Amino acid sequence: MYSEKDEHCFTMNKSYKIDSLKQLTDSVFVVRMEKNGLQFRAGQNISVAVHGDAERRDYSVYSAEHDNFLEILVKEVENGRVSRKLRILNPGDKLSIDGPFGFFSPKVEETGTRKFLFIASGTGIAPFHSIVLSNPGLDYTLLHGVKYEHEAYDK
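Keep in mind that this is a model prediction, so the values were computed, not measured.

Peer 1: What am I meant to see in the overall build of the chain here?
Peer 2: Within the chain one finds 2 helices and 8 strands. Element order for the chain, N to C, with α for helix and β for strand: β-β-β-β-β-α-β-β-α-β. Taking 15 Å as the expected radius of gyration for a compact globule of 155 residues, we find that the chain reaches 15 Å, a close match to that expectation. With respect to the three principal axes, the spread of C-alpha positions in the chain is 45 × 40 × 25 Å. Out of the 155 residues in the chain, the part that is buried amounts to 42%. Of all intrachain contacts in the chain linking residues separated by at least 6 positions in sequence, the fraction that spans at least 24 positions is 69%.

Set out below in structure tokens:
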């Protein structure tokens, strides 16, 4: 996996404009925003808040490293302090983001030489989605546990 010595660009409370919200199920949606120069490794997460709000939550990056946009996969939870606010935003609204954080990424030298097994349930698929999209030709098997077929996001 990704080592602490690998370099990445860390941002602190930078503003990102929302491009779109894409509904995947009744409670799950993708927030797409401008990338705004953020560099990350697939598998990392970012800390997200509605611009001007103190409530934050960490979300794994859902988009690929090479995309010209940034995406997160969000499940709205009944008492969720951030997910409920994200749900009602519109294109043009802003988010504050810190990060990226974490070291849950395959080492570059292993992506062409190893077979990977990814296991996730629900929205826990987000980092694996980013890893697979960022590494074309990756030899992998993905086990995605979901209760209903329509929850197999972007299958």
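Peer 1: For this particular structure, what's the right way to read the pattern of salt bridges?
Peer 2: Pairing of side chains with opposite charge becomes possible as their charged atoms draw close. Enumeration according to the criterion identifies 7 salt bridges in this entry. We note a salt bridge from glutamate 76 to arginine 87, for which the minimum N-O separation is 2.6 Å. On the criterion of sequence distance, the pair formed by glutamate 76 in the loop between β5 (69–75) and α1 (83–87) and arginine 87 in helix α1 is long-range, its members being 11 residues apart. Take glutamate 76: its relative accessible area is 24%, and that puts it in the partly exposed class. In this structure, aspartate 139 and lysine 115 form a salt bridge, with 3.3 Å as the shortest nitrogen-oxygen distance. Here aspartate 139 is found in strand β8 (residues 139–145), whereas its partner lysine 115 is found in strand β7 (residues 115–121), with 24 residues between them in sequence. Judged by its relative accessible area of 39%, aspartate 139 is partly exposed.

Peer 1: Looking at this model, I keep getting lost on a nonpolar patch on the surface. Mind explaining?
Peer 2: Among the surface-exposed residues, Leu117, Ile119 and Leu143 lie close enough to one another that they form a single nonpolar patch of about 310 Å² accessible area. In this structure leucine 143 comes out as partly exposed when scored by relative accessible area, which is 45%.

Peer 1: Can you help me understand helix α2 (residues 126–134) in this one?
Peer 2: Residues that lie three or four places apart on an α-helix share one face, since the helix turns once every 3.6 residues. Burial of α2 is extensive: 7 of the 9 residues sit out of reach of the surface. Where α2 is concerned, the buried positions are Ala126, Pro127, Phe128, His129, Ser130, Ile131 and Ser134. Residues of α2 that are buried make contact with β4 (57–60), β5, β7 and β8.

Peer 1: It is not clear to me how the packing of aromatic side chains should be interpreted in this structure. Could you clarify?
Peer 2: Tallying each qualifying case throughout the model produces 4 aromatic pairs. Here phenylalanine 116 and phenylalanine 118 contribute two aromatic rings whose centre-to-centre distance is 5.9 Å and whose plane-to-plane angle is 25°, an arrangement assigned as stacked. Both rings, one in phenylalanine 118 and one in phenylalanine 128, keep their centres 4.8 Å apart while their planes meet at 25°; by these two values the pair is stacked. Of this pair, phenylalanine 118 sits in strand β7 while phenylalanine 128 is found in helix α2, placing the two residues 10 residues apart along the sequence. You can call phenylalanine 118 buried: its relative accessible area is 6%. By way of ring pairs, the aromatic residues Phe104, Phe116, Phe118, Phe128 and Tyr140 are connected into one cluster. Above the plane of the ring of phenylalanine 69 lies arginine 32, whose end atom (NZ or CZ) is 3.6 Å from the centre. Positioned above the aromatic ring of tyrosine 59, the side-chain terminus of arginine 57 is 4.7 Å from the ring centre.

Peer 1: What is the right way to read the pairing of strand β2 (residues 28–34) from this model?
Peer 2: Regular strands have side chains that alternate between both faces of the sheet. Counting buried residues in β2 gives 5 out of 7 residues, a clear majority hidden from the surface. The sheet contact formed by β2 and β5 spans 7 bridges and is antiparallel. Bridge pairing links valine 30 to leucine 73 in β5.

Definitions and limits used
Residues numbered from 1 in each chain as written. Predicted model: local features only at pLDDT ≥ 70, side-chain atom pairs only at ≥ 80, totals over all residues. Heavy atoms only, no water. Helix = DSSP H or I, 4+ residues; strand = E, 2+ residues; numbered from the N terminus. Rg over C-alpha atoms; globule rule 2.2 N^0.38 Å. Buried < 20%, exposed > 50% of the residue type's maximum accessible area, 1.4 Å probe, protein only. Contact = heavy atoms within 4.5 Å. Salt bridge = Lys/Arg side-chain N within 4 Å of Asp/Glu carboxyl O. Patch = residues over 30% accessible without salt bridge, like charges linked within 9 Å, V, L, I, M, F, W, Y side chains within 5 Å. Areas by Shrake-Rupley, 256 points an atom, 1.4 Å probe, with all protein chains shown as cover. Phe/Tyr/Trp six-rings, centres within 6.5 Å; stacked < 30°, edge-to-face > 60°. Lys NZ or Arg CZ within 6 Å of the ring centre and 35° of its normal. Pairing = 2+ DSSP bridges.

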